[in-house]
Amino acid sequence: MKNSIDIPDLFNRVSDNKEFAHRMLTTFFESYKERYDQLQKNLAEEKFDELADGAHQLKGILGNLSIPEGFDLLKTIHSEARLNDGKKLVGLLSKLDKSILKAEKFFNENQELFK
């Protein structure tokens, strides 16, 4: 089973500075809900350009944090937002939320990896 956070890739990105990786992930998970809520708000208000921009920014963050499933979902969300496809976006945002919650659970259950 693949981990929801690619630990070897993450540690490579931070030159094996595990404390820094821990801090980055902690900061992200603390701010994620607000970012997700903004994506949902943009969808509800049919602000597709803003939704696409927010997805693009979040995609970069997830790439740097080595969270591949969320990264891939955000690529699709970004594309669908550019097409103004609200119906597909509802399901995609739900999948994104589940993916991030899975990554956060993995992070919380594997703190020993960051010591």
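The structure this text deals with has already been given above.
In this numbering scheme, every chain counts its residues from 1 along its sequence in written order. Per-residue local features are limited, in this predicted model, to residues with pLDDT of at least 70; the limit for side-chain atom pairs, both in listing and counting, is 80 or more; totals at the level of whole chains, interfaces and linings are taken over all residues. Excluding hydrogens and water, the side-chain figures rest on all heavy atoms present in the structure.

**Q** Sorry, what's going on with the overall build of the protein here?
**A** Helices and strands together make up the secondary structure of the protein, namely five helices and zero strands. Helix and strand definitions follow DSSP, with helices as H or I runs of at least four residues and strands as E runs of at least two, each counted in order from the N terminus. Taken from the N to the C terminus, the helices and strands of the protein come in the order α-α-α-α-α. C-alpha atoms define the radius of gyration in this analysis, and the globule rule sets the expected value at 2.2 Å times the number of residues to the power 0.38. For the protein, the C-alpha radius of gyration of 14 Å lies close to 13 Å, the compact-globule estimate for 115 residues. Only protein chains enter the accessibility calculation, which uses a 1.4 Å probe; a residue whose area is less than 20% of its type maximum is buried, one above 50% is exposed, and one in between is partly exposed. Counting across all 115 residues of the protein, residues that qualify as buried make up 38%. What makes two residues a contact is simply this: any of their non-hydrogen atoms within 4.5 Å. Sequence-distant contacts in the protein: of pairs separated by 6 or more residues, those separated by 24 or more amount to 68%. Reported accessibility uses the Shrake-Rupley method at a 1.4 Å probe radius. Residues are deemed covered only where the shown protein chains occlude them. Here the protein has roughly 6,900 Å² of accessible surface; of this, 49% comes from carbon and sulfur atoms. Measuring between centres, the 18 positive side-chain charges of the protein sit 3 Å from its 20 negative side-chain charges. In this charge count, Lys and Arg are treated as positive and Asp and Glu as negative; neither His nor the chain ends contribute. The location of each charge is read from NZ of Lys, CZ of Arg, CG of Asp or CD of Glu.

**Q** Can you walk me through helix 3 (residues 48-64) in this structure?
**A** What sets the pattern is the α-helix's 3.6 residues per turn: residues three or four places apart point alike. Counted at 1.5 Å a residue, the expected span for helix 3 with its 17 residues is 24 Å, and the 24 Å between its end C-alpha atoms agrees. For helix 3, every residue scored as buried is listed here: F48, L51, A52, A55, L58, K59, L62 and G63. Burial along helix 3 is one-sided: seen end-on, the buried residues are contained in an arc of 140 degrees. Relative to its buried face, helix 3 has exposed residues pointing more than 90 degrees away, namely D49 and Q57. For helix 3, the secondary structure elements touched by its buried residues are helix 1 (7-13), helix 2 (18-44), helix 4 (68-82) and helix 5 (86-109). Where helix 3 terminates, the next one or two residues include S66, which has phi positive at roughly 60 degrees. For a helix, the expected span equals 1.5 Å multiplied by the number of residues minus one. The arc in question is traced by the directions running from the helix axis to the C-beta atoms.

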